Amino acid sequence: MFNYTIRRLLFAIPTLFVISFLIFAILDLAPNDPTGNLPLTIPPEVRENIRISLGLGEPFPIRYLKWCQQFFINEPLNLIEQWFDISIGDSENRLRVQSWATRSPVVDLIVERLPQTLWVLGLSYVIGILIAIPIGVISAYKQYSIFDQIGTFISMVGFSVPTFFTGLVCIVFFSSTLGWFPSIYDTTHEVTDLASFWFQVKQMIMPVMVLALFNASQLSRFMRASMLDNLSQDYVRTARAKGLKERSVLLIHVLRNSLIPVVTVIALGLPQIFAGAIITEQIFRVNGLGQLLIIGIQGADIPLVQTLTFIFAVLIVLFNLIADILYGMLDPRIRYE
Amino acid sequence: MSDESMSNPALATEEMPERRSLWGDVWSQFRTHKGAMVGAVVFVLICLAVVVGPYIHTLDPQRLDILNKNLGPSWAHPMGTDNLGRDTFAQVMAGGRVSLLVGVVAMLLSLFVGTAIGVLAGFFKKLDGPLMRLTDLFLALPLLPLLLVIIMLFRDTLRSMFGPETGIFILIVFVIGITSWMQTARIVRGDVLTLKEQEFVVAARSIGTPSRRIISRHILPNVLSPIMVSATLGIANAIITESALSFLGLGFPSDFPTWGRLLYDGANFMQLTPSRVIWPGLAISLTVLGVNYMGDGLRDALDPRIRGR
Amino acid sequence: MKKALLCTAVAAGLFAGPAMAERGTDGQLKILYWQAVSILNPFLSSGTKDIEAASAVIEPLAKYNEKGNMVAILVDEIPTVENGGVSEDLKSITWKLSDGLVWSDGTKVTSADVAFTAAYCMHPEGGCAQVSNFTDVESVEEIDESTVKVNFSVAKPFPYGPFVGTQSPILNKAQFADCMGAKAPECTDANFGPIGTGPFMVSEFKANDVVSYVANPNYRDPAKPAFASVILKGGGDAASAARSVLETGEFDYAWNLQVEPEILNQMASAGKGKVVSSYGTSVERLMVNLSNPDPALGDKRSTLEGGPHPFLSDIAVRKALSLAIDRQTLVDVGYGSAGQVTCNVLPAPEIYASTANDACKTQDMDAAKKLLDDAGWVPGGDGIRAKDGVRLSILYQTSTNSVRQATQAIIKQWWSELGIETELRNIDGGVFFGGDQSSPDTFQKFFADIEMYTNNFDGTDPEKYMANWLCSDIPSPADQWLGSNMPRYCNPEYDALVAKMGSTAKLEDRAALAKQMNDMLMQDVAIIPLIHRGGVSAHANSLEGVKMTDWDSELWNIADWKRAK
């Protein structure tokens, strides 16, 4: 397993380079433009000048190599300098990856937003998993019971009604009509005492619950299906015949063997926390990474989108590797050698 | 790789005579499944409503009537009208035709690609690395810019080849299919990895069963349940994604209703004319529920351990 | 740096006391812009929202008020030929700064700052977005510490381009001195927190999210601003922005609410705030493609070389298209109080507005049909009019926006009553207005028959705007599609009028010329104007002093805003 992990990690490096190149190519080909949001009163020659000042006058391979240099060499160096408070070489003139819209280093923007994203999305994911697994297990164990039917109905509605809609319903109901929760996330809010903590909880409830519902619906379906598959297997009968307690049959044998698809779905979902939930963040105005990404895409802010997407790609590769390793732990029969 | 993936459906037809009784069994089992029958009935009713409905309720969904805008439900307009005076009932029915077609076809495409890649990657060790890295790549690509590139490169070509409507339909189905197969592929692969080490597969292999037959007889039936869940989720996903596409200018023209689009356009009118969002939302949910129960029934019917119990 | 600013603010708050009667007594003002602010330096901005957010901090020498009149801000009077501020030959303008002006850090505002601002924006490598305000500027001279003279290379009948209006504010030389040219984007601290003369200064800025301001302790009017701090939050969409002011009352002001009027009315009925609008020069218009967009033409598509349009080159068809539109209905459905019917592409200021084309205000289907019949366009078997095998089938494109799509649907219906087939297309705004060379969907390439969008001009002088429709400004592959003459309108008489306006100084004569040009475009139906659009915003009932303007930043008089008592 250790050798396998090392080999996969080594293989990930060329993969990620290919991915970064393809992302860059797609962003370059995409027909939206950084001057697209400027008022029409700004004449075309000025727009052309702005494009050149952003470095768009240079050929595509050079721009890609520049980004590689900035991201793979300059940014890590800069991080090391900040952590250890030293300076390596000519740190004053080292170019960092600069966003076109804000003219500030992309990595700083990401660092500024990471806490909000992790809190809101991470929490919604955790809640989603905590709801989904019990519901999935019980639904499968008592297949076609009333609990199962209701669970199925809610999760289907939860999945088929998009978050832009559930979010809006929540705002109209809880903010406009009842006035319980704020509809706009205050990102300058700092938790200092109990009252401000309570405010923080109130402003997080709606985005977290909307996302958790969506995640839980999907996850609980896979959990239920997988449990059903395993419940009818021979080993379950054997375990019961051996006189094992029903609880331990269910939770130790069946659950463990049913987790493989669930682990896959969770591993696919976790990088999404960093990519942000674009629509939900837009609706509730949580200044997460998803909102940063959508603003970047709308404004054709190529360095910003490239960097965010690439970090996202790294996480995907990483989490899929973790999932593969977990498969081996959950089911020792799986061998990769 | 393409050889292998192509061989699966071919194999299925090849073996049809031998399986006829099996499918008969499956059907009779399926009929005894209450949920499946209810799901099937709901789904068929929705299909009937959108296909036959417009011949009964004959208002043109694109016909504007500014004087009668934002009306509540009435006999003339059972679901009211929108802010341009278009009849919501007619729009929901017309939109259903497109949404159902796009949803089902795109879901089948993504399911086919996802299952093929998942089975191949899980079963053949050599293919695992390349195919899973390809999956990683597709997962990592930024969706919106990718769509914009696809529109730019292919819209006009397809339009001139197949005409505006068919061309756009092919493009939408292709785009949704190609951007949503990855989850299915990863899940199927995970299941195949465990399955292929289980006794019955090892036994089959030891008596010299060819790989294609192991896949079709032993692997595929056992990964059916996650595939069915993917199918249910895939339909909902395709219907919603379709509406997102039309905002980028990739979908059907703006006056061409679809369920996702009706829901999106109506969202801001939620308090004024709630029926504009309730009905399309309900239609999507019912369709997905129907497909879900049919999937449940099919899975049970195909499971030899349950069948005949 | 940030800390220092905060400290000064706190100190100011402490010392304010009863002596400074009103500054900072009204607490916090919460503003919502649904497009998030990216940068606070308008010269490097990528959209209107950045310019508006900066306008609370940095100011130009003069602004436009809610009526479109210039008001002196950092000067005592606006230079004119009469008061000797503008030279007789119209080649220079001399501004005299008010006495005792200081930046928010307490240093003196001098002519060097003004001259520096010009040099900063005109630097060839800076990529300054507002450089067109400095067109024809030859030099900016510092006469003495508070006097600055702008010399133009040609006679400028309207010399108020540089340093007037929100797009052209004055920067602090000391802060930006190291940020010239290619270095401009690297000065993140300066670009995120410019030192200004305005009523507020930046205390914290989270790019693409929220700007926090505090009152400027050195603001020239000791009684203002009434608010101690301002939060300007960004993101989301227009409808939810309106909701947060009108329905939930969480915010005091929301900007640019292009939402269907019935939704706004319904939200306003909650009684927490009101919708305000103001008119500038924006006109929603249909551009008629006079060249041929047939894909078969390849590279010559939608260019002059590709030949005239198969049917839109017939003026009868263009007139019929315009006659079939009931503009009042479009206003009622999509704009409400934020729109007025117009028949001119140049609708304001009043002295420039022509009345010669007002016939278009009423829809006349019969006349439109008759025009087409007389011109030989008769309905074929499928109900679509045709002549010599050419069918009247239109591809009508615009950017994605729910009001625009509603307008498209309505117009399509009227045209189909005429016997004209219409296919609608909507394109993502970033692509449509982006001008990317490789995309076929930009408004410059205009690979369609009709396209719809809004345009306007900065300030009150239409000379540059009317020069959009010169023959030489027709977009073509040769000039990378950079032209602004979307209809591909080419008329030597029109070009002559534009040249004449450039050398005419007297306001009345200029107005007559502008009207004549507008009428020429209208009578030739190269452009079909639809709606004179106003800006529309909402503010809470508890907020007083809002004088909304579409000629300048909506926050132009934020110093006067206060809580209702």
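Heads up: the structure comes first, above all this text.
Only a predicted model underlies this, so the values are computations on that prediction, with no experimental measurement involved. (Residues numbered from 1 in each chain as written. Chains lettered and ligands numbered in written order. Predicted model: local features only at pLDDT ≥ 70, side-chain atom pairs only at ≥ 80, totals over all residues. Heavy atoms only, no water.)

(A) Expanded view of the pattern of salt bridges. Applying the stated criterion across every chain yields a total of 38 salt bridges over all chains. Of the charged contacts, one joins Arg96(A) and Glu75(A) as a salt bridge, the two residues approaching to 3.3 Å between their closest N and O atoms. Linking Arg96(A) in the loop between α3 (60-84) and α4 (106-141) with Glu75(A) in helix α3, this pair joins segments that are 21 residues apart in sequence. The class of Glu75(A) is buried, set by a relative accessible area of 5%. Residue Arg243(C) pairs with Glu247(C) through a salt bridge whose shortest N-O separation is 3.3 Å. When sorted by exposure, Arg243(C) lands in the same class as Glu247(C), which is buried. Each of Arg8(A), Asp324(A), Asp128(B), Arg186(B) and Arg189(B) takes part in salt bridges that share partners, so that together they form one network. (Salt bridge = Lys/Arg side-chain N within 4 Å of Asp/Glu carboxyl O. Helix = DSSP H or I, 4+ residues; strand = E, 2+ residues; numbered from the N terminus. Buried < 20%, exposed > 50% of the residue type's maximum accessible area, 1.4 Å probe, protein only.)

(B) Fine view of the interface of chain C and chain A. Contact residues are listed per partner, giving 63 residues for chain C and 51 residues for chain A. Of the roughly 4,200 Å² buried where chain C meets chain A, counting both sides, 54% is carbon and sulfur surface. Counting across the interface, chain C meets chain A through 0 salt bridges. For the pair chain C and chain A, the interface holds 14 residue pairs in polar contact (both at pLDDT 80 or more). Of all the elements, helix α6 (residues 238-246) of chain C adds the most residues to the side of chain C that touches chain A, at 4 residues. In terms of residue class, the side of chain C that touches chain A is built from 22 nonpolar, 28 polar and 13 charged. (Contact = heavy atoms within 4.5 Å. Buried area = accessible area lost by both parts, 1.4 Å probe. Polar contact = N/O pair within 3.5 Å; in protein donor to acceptor, adjacent residues only side chain to side chain. Nonpolar A, V, L, I, M, F, W, Y, C, P; charged D, E, K, R; others polar.)

(C) A look at the state of the cysteines. Residue and element names in this part refer to chain C. Throughout the structure, instances matching the rule amount to 4 disulfides over all chains. Note that Cys471 is cross-linked by a disulfide to Cys490, the S-S spacing being 2.0 Å. Between Cys471 and Cys490 the disulfide shows an S-S torsion of about 105°. By sign, it is right-handed. Residue Cys471 is found in the loop between α13 (463-466) and α14 (492-502), and its partner Cys490 is found in the loop between α13 and α14; the two are separated by 19 residues along the sequence. For Cys490, a relative accessible area of 41% corresponds to the partly exposed category. Bonded cysteines in chain C are paired 1-2, 3-4, 5-6, 7-8 when counted in the order they occur along the chain. (Disulfide = S-S within 2.5 Å.)

(D) A look at the sheet that holds strand β4 (residues 92-96) of chain C. All names here are of chain C. Across the sheet, which stays open at both edges, the 3 strands sit in the order β4-β6-β5 with antiparallel pairing between neighbours. The open sheet has two edge strands, β4 and β5 (137-144), and neither has a second partner. On average, adjacent strands in this sheet sit at an angle of 20° to one another, irrespective of strand direction. Of the strands in this sheet, β5 and β6 (147-152) touch helix α3 (residues 111-122), which is tilted by about 165° from β5. (Pairing = 2+ DSSP bridges. Axes fitted to C-alpha atoms, helices over the stretch in contact; angles between N-to-C directions.)

(E) The arrangement of the sheet that holds strand β15 (residues 390-391) of chain C in detail. Residues and elements named next belong to chain C. The strand order across the open sheet built from 3 strands is β13-β14-β15, with neighbouring strands paired in antiparallel fashion. Here the strands that pair on one side only, and so sit at the sheet edges, are β13 (378-379) and β15. For β13 and strand β14 (residues 385-387), the ladder comprises 2 bridges, and the chain directions are antiparallel. Paired with Pro379 across the two strands is Arg385, which belongs to β14.

(F) Representation of the pairing of β6(C) in the model. Residues and elements named next belong to chain C. Burial of β6 is extensive: 5 of the 6 residues sit out of reach of the surface. Summarising the sheet, β4 and β6 pair through 5 bridges and their orientation is antiparallel. If you follow Lys96 over to β6, its bridge partner there is Thr147. Examined bridge by bridge, β5 and β6 share 6 bridges and lie antiparallel to one another. What sits directly across from Val140, in β6, is Val150. Adjacent in sequence and paired antiparallel, β5 and β6 are bridged by 2 residues.

(G) Expanded view of the packing of aromatic side chains. If you walk through the whole model with that rule in mind, you get 40 aromatic pairs over all chains. The interplanar angle of 85° and the centroid separation of 5.3 Å between the aromatic rings of Phe71(A) and Phe72(A) together place this pair among those described as edge-to-face. Phe71(A) gets classed as buried once you look at its relative accessible area, which sits at 14%. The partly exposed category is assigned to Phe72(A), whose relative accessible area is 30%. Geometry around Phe251(C) places Lys30(C) over its ring, the cationic atom sitting 5.1 Å from the centre. (Phe/Tyr/Trp six-rings, centres within 6.5 Å; stacked < 30°, edge-to-face > 60°. Lys NZ or Arg CZ within 6 Å of the ring centre and 35° of its normal.)

(H) Representation of the packing of helix α7 (residues 194-231) of chain A against helix α13 (residues 275-302) of chain B in the model. With their axes 12 Å apart at the nearest point, α7(A) and α13(B) run at an angle of 15° to one another. By the angle between their directions, the pair α7(A) and α13(B) is classed as roughly parallel. Classified by chirality, the crossing of α13(B) by α7(A) is right-handed. On α13(B), the residues that touch Arg221(A), Arg224(A), Leu228(A) and Asp229(A) of α7(A) are Asn292(B), Asp296(B) and Arg299(B). (Parallel < 35°, antiparallel > 145°, perpendicular 65-115°, else oblique. Left-handed = near helix turned anticlockwise from the far one by under 90°.)

(I) Examining the interface of chain B and chain A more closely. Residue-level contacts link 54 residues of chain B with 59 residues of chain A. Here chain B packs against chain A, burying approximately 5,300 Å² in sum over the two surfaces, 69% of which is carbon and sulfur. Of all residues in chain B, Arg133(B), Arg186(B) and Leu233(B) bury the most surface against chain A, accounting for 11% of the area lost on that side. On the surface where chain B and chain A come into contact, there are 3 salt bridges.

(J) Quick look at the environment of Met267(C). Residues and elements named next belong to chain C. Along the chain, the position of Met267 falls in helix α7 (residues 261-268). Exposure remark for Met267: the relative accessible area of 2% places this residue in the buried category. Taking the C-alpha atoms as reference points, Met267 and Arg243, separated by 24 residues in sequence, lie 6.5 Å from one another. Those residues in contact with Met267 that lie beyond four places of it in its chain are Ala239, Ala242, Arg243, Leu246 and Glu247.

(K) Expanded view of the nonpolar core. With 141 residues, the main nonpolar core has Ile31(C), Trp95(C), Tyr120(C), Tyr213(C), Leu232(C) and Trp561(C) as its most contacted residues. With 9 residues, helix α12 (residues 302-330) of chain A is the single largest residue contributor to this core. Non-local contacts of Trp561(C), meaning those with residues more than four positions away in its chain, are made with Leu29(C), Ile31(C), Ala226(C), Phe227(C), Tyr253(C), Leu543(C), Glu544(C), Gly545(C), Val546(C), Lys547(C), Glu554(C) and Leu555(C). Residues Ile171(A), Tyr185(A), Val286(A) and Ile334(A) belong to the second largest nonpolar core, which totals 93 residues. (Core = buried A, V, L, I, M, F, W, Y, C linked by side-chain atoms within 4.5 Å.)

(L) Structural view of helix α6 (residues 143-162) of chain B. Residue and element names in this part refer to chain B. The principal kink in α6, of about 45°, is found at Phe154. Those residues of α6 that sit buried are Pro145, Leu146, Leu147, Leu148, Val149, Ile150, Ile151, Met152, Arg155 and Leu158. Gly163, located one to two residues past α6, shows a positive phi value of around 85°. (Bend = angle between axes of the 7 residues up to and from the residue.)

(M) Spatial organisation of the pairing of strand β7 (residues 200-206) of chain C. All names here are of chain C. By the criterion of burial, β7 is predominantly enclosed, with 6 of the 7 residues buried. Relative to strand β8 (residues 210-215), β7 runs antiparallel, the two sharing 6 bridges. Considered in β8, the bridge of Phe205 is made with Val211.

(N) Expanded view of a nonpolar patch on the surface. Side chains of Val41(B), Val44(B), Leu45(B), Leu48(B), Val51(B), Val52(B), Tyr55(B) and Ile56(B) sit close together on the surface and give an oily, nonpolar patch of about 800 Å² of accessible area. Of note, Val52(B) is situated in helix α3 (residues 34-56). (Patch = residues over 30% accessible without salt bridge, like charges linked within 9 Å, V, L, I, M, F, W, Y side chains within 5 Å. Areas by Shrake-Rupley, 256 points an atom, 1.4 Å probe, with all protein chains shown as cover.)

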